[in-house]
Amino acid sequence: MTAQEIFQHLPPNRVGASDRRYMNEVLDAGFSNTKDPANIVARLETAFAAKFGMGYAIVMNSGSGTMLAALIAAGVGPGDEVIVPTLTAAATAFVVVECGAVPVFVDSHPDTYCLDPLDVARKITPHTKAIIPVSIFGLSPDYDPIMRLAGEHKLTVIEDNAQCFLARYKSRLVGGIGHAASFSFQGSKHMTSGGDGGVTVTNDESYAREIRKISHQGFRTLSGKAGASMVPKDLRQDWAFERHDRLGYNFRMSAMQAALGLAQLERLDYLVAARQWIAAQYEAVLRETGCTWLTPPVVPAGLTHSYWTWVCKLDEKKLGVDWLEFRKRFLAHGGDGLYSAWRPLHLEPIFQTMAFFGSRERSPNFDPRYKGSVKSYRVGDCPVFEGMQKILCLFKTSMQTLAKAEGQVEALRQTIKSFG
């Protein structure tokens, strides 16, 4: 597709005619406590499952809720360890702590930035219950060794694909490789359901049922079937109805969120294609200018990248200025911000104090049911990412118009030229 063909399908402010049409359907149908009059949640779940070739899709009000429900449904709890990358948003590890389990942080691959399967292998213990591989920045990790390790140690793999839609790992769509996968519809992601939302997908019927129940207040009669998120009126009104057979949360997605999500899903191919086109233009600028001090993303053979963001390593020594000065120069030439990578998650203040529940002593790491050895998180635990975090440059790919996209590409071109 040409750039014009891609961008003509994208509303400039992310809300188009189909978004409004579906929202009006919901408003015209009204709201109910016992049914979805517009059937919009079921339509979104059916469409998402079909798009990703999965048996079940359970939508929720956030990508954090989707991961938490998947972990609890997998039996993760106090005494367990869950492997997560240190290069990720905090939610990936927070949901582990919220289960009462212990996050074990693994390092990044130096070229792809995804979690390193070799470090995963080193950090599996008898207490490990699950792995959350993150498709960071839009690229999947190397799943073959991860799934092999999971099989050997009987671990559940929950893909965190908050930043990765429609990318492929060796011909397989990312999202259909682990036992379950979580996608985020938060406002910065490829598609959104109005600023927040998410979905968990799986092919396991019993796993889907438990995920649904956990995310919908533990109602006993719910299932993973599309739209099965409400209890019928006759059953709900029966005095003999035994409602709850497990602990659950209120992670339900609203009908209005689902309306927006369905419209966005219908143009997801164009939303992803736009980011891929923008990334290709950035890379063309590096080739055109002969820039040697920005190293573009590495995409291994057989994988595709969905470019939630386009990430480069900055060689400060070769350029002669540091990251902050480069950012200032980029903004001066019209750049719409330049993001850094998050701090290594294990070095964030909350993981240093470990006062997740008021005091360090109440953290899962010191629960008497936990027999493992992770009692602190230190500098040096993940040396690869610790060493490169300060030189990563995250360029935006979320522009919804061709003019804005070309403006950011030109800003990079002029910035590079300004250094001579």
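Everything discussed here concerns the structure shown above.
Numbers given for residues are sequential positions, taken from 1 along each chain in its written order. Two thresholds apply to this predicted model, a pLDDT of at least 70 for residue-level local features and 80 or more for giving and counting side-chain atom pairs, whereas whole-chain, interface and lining totals are computed over all residues. Values reported for side chains reflect all heavy atoms of the structure, with hydrogen atoms and water molecules removed beforehand.

### A closer look at the environment of Arg 327
You can see Arg 327 is positioned in helix H13 (residues 323–332). The rule is simple: take the accessible area with a 1.4 Å probe, protein chains only, and divide by the maximum for that residue type; under 20% is buried, over 50% is exposed, in between is partly exposed. Under the relative-accessibility criterion, Arg 327 is labelled partly exposed at 30%. Linking Arg 327 and Glu 210, residues 117 residues apart in sequence, is a C-alpha distance of 46 Å. Sequence-distant contacts of Arg 327, that is, excluding residues within four places in its chain, are made with Gly 337 and Leu 338. For helices the rule is a DSSP run of H or I covering at least 4 residues; for strands it is a run of E covering at least 2, with both sets numbered from the N terminus onward. Contacts were defined at the residue level, with two residues in contact if any of their heavy atoms lie within 4.5 Å.

### Brief notes about helix H3 (residues 40–51)
Taking 1.5 Å per residue as the helical rise, H3 with its twelve residues ought to reach 16 Å, and the 16 Å between its terminal C-alpha atoms agrees with that figure. Its buried side turned inward, H3 meets helix H2 (17–29), strand E1 (56–60), strand E8 (180–184), strand E9 (198–202), helix H8 (205–215) and helix H10 (255–266). Of the residues flanking the end of H3, it is Gly 53, one or two places downstream, whose phi is positive at about 65 degrees. Each helix should span, by expectation, one fewer than its residue count multiplied by 1.5 Å.

### Thoughts on the sheet that holds E9
If you trace the seven strands from one edge of the open sheet to the other, you get E1-E9-E8-E5-E4-E2-E3, paired in mixed fashion. This sheet does not close on itself; its edge strands, each paired only once, are E1 and strand E3 (102–106). Between one strand and the next, the sheet's axes are offset by a mean angle of 25 degrees, whatever the strand orientation. Two strands qualify as a pair provided DSSP detects at least 2 bridges between them. Looking at chain direction, strand E2 (residues 81–85) and E3 are connected through five bridges and run parallel. In this analysis an axis means a line fitted to C-alpha atoms, helices contributing only their contacting stretch, and an angle means the value between N-to-C directions, from 0 to 180 degrees.

### Some points on the packing of helix H4 (residues 63–73) against H8
Contact pair H4 / H8: the axes reach a minimum separation of 8 Å and the direction vectors enclose 120 degrees. Taken together, H4 and H8 sit at an angle that is classed as oblique. H8 is crossed by H4, and the crossing has right-handed handedness. Residues Ala 69, Ala 70, Ile 72 and Ala 73 of H4 touch H8, and the partners they reach there are Tyr 207, Glu 210, Ile 211, Ile 214 and Ser 215. Under this grouping Gly is polar, as are all residues other than the nonpolar Ala, Val, Leu, Ile, Met, Phe, Trp, Tyr, Cys and Pro and the charged Asp, Glu, Lys and Arg. Considered class by class, the residues forming the contact of H4 with H8 number seven nonpolar, one polar and one charged. For classification purposes, angles smaller than 35 degrees are called roughly parallel, those larger than 145 roughly antiparallel, those between 65 and 115 roughly perpendicular, and all remaining angles oblique. Two helices crossing with the near one rotated counterclockwise from the far one by less than a right angle form a left-handed crossing, whereas a clockwise rotation gives a right-handed crossing.

### So, the packing of aromatic side chains
Two rings belonging to Phe, Tyr or Trp (six-membered ring only in the last case) form a pair when the distance between their centres is within 6.5 Å. Interplanar angles under 30 degrees mark stacking, angles over 60 mark edge-to-face geometry, and anything in between is tilted. Counted according to the given criterion, the structure contains 25 aromatic pairs. Measuring from ring centre to ring centre gives 6.4 Å for Trp 308 and Trp 342, while their planes differ by 15 degrees; the resulting arrangement is stacked. With a gap of 34 residues between them, Trp 308 in the loop between strand E10 (294–295) and strand E11 (309–314) and Trp 342 in the loop between H13 and helix H14 (349–353) connect regions that are remote in the sequence. According to the relative accessible area criterion, Trp 342 is partly exposed, its value standing at 29%. A ring is scored as having a charge over it whenever the NZ atom of a lysine or the CZ atom of an arginine sits within 6 Å of its centre and within 35 degrees of its normal. Directly above the aromatic system of Tyr 22 lies the positively charged group of Arg 21, at a separation of 5.1 Å from the ring centroid. The ring centre of Phe 419 lies 4.0 Å from the NZ or CZ of Arg 329, which sits over that ring.

### Quick notes on the nonpolar core
As used here, the term nonpolar core means buried Ala, Val, Leu, Ile, Met, Phe, Trp, Tyr and Cys residues forming a set that is joined through side-chain atoms within 4.5 Å. Ranked by size, the top nonpolar core spans 68 residues in total, and within it Phe 7, Ile 40, Phe 48, Leu 294, Phe 326 and Phe 395 carry the most contacts. Among the elements that line this core, the one with the most residues is helix H11 (residues 268–289), at eleven residues. Membership of the second largest hydrophobic core comes to 59 residues, among which are Met 67, Val 106, Ala 150 and Leu 303.

### Re the pairing of strand E5 (residues 156–160)
For E5, the buried fraction is high: five of the five residues fall into the buried class. Across the two faces of E5 the burial is the same, with Thr 156, Ile 158 and Asp 160 and Val 157 and Glu 159 all buried. Taken together, the two bridges between strand E4 (residues 128–131) and E5 define a ladder with parallel strand orientation. By the bridge assignment for E5, Ala 130 is matched with Thr 156. A clockwise path from the first strand over the helix to the second, with the strands pointing away from the viewer, defines a right-handed crossover. In terms of handedness, the path from E4 via helix H7 (residues 143–153) over to E5 forms a crossover that is right-handed. The pairing of E5 with E8 spans three bridges and is parallel. Its bridge partner lying in E8, Asp 160 is registered against Ser 182.

### Regarding the pairing of E4
Relative to E4, E2 runs parallel, the two being bridged by three bridges. Bridging from a neighbouring strand, Glu 81 pairs with Thr 128 of E4.

### A word on unusual backbone geometry
A positive phi angle, near 55 degrees, is found at Asn 39, a position not held by glycine. Looking at the element boundaries, Asn 39 is found in the loop between H2 and H3. Under the relative-accessibility criterion, Asn 39 is labelled partly exposed at 42%. Located in the positive-phi region is Phe 137, a residue other than glycine, with phi close to 65 degrees. Within the element layout of this structure, Phe 137 appears in the loop between E4 and H7.

### With respect to the environment of Phe 185
Looking at the element boundaries, Phe 185 is found in the loop between E8 and E9. Those residues in contact with Phe 185, other than ones at most four positions away along the chain, are Phe 48, Phe 165, Met 191, Thr 192, Ser 193, Gly 195, Asp 196, Gly 197, Gly 198, Val 199 and Met 253.

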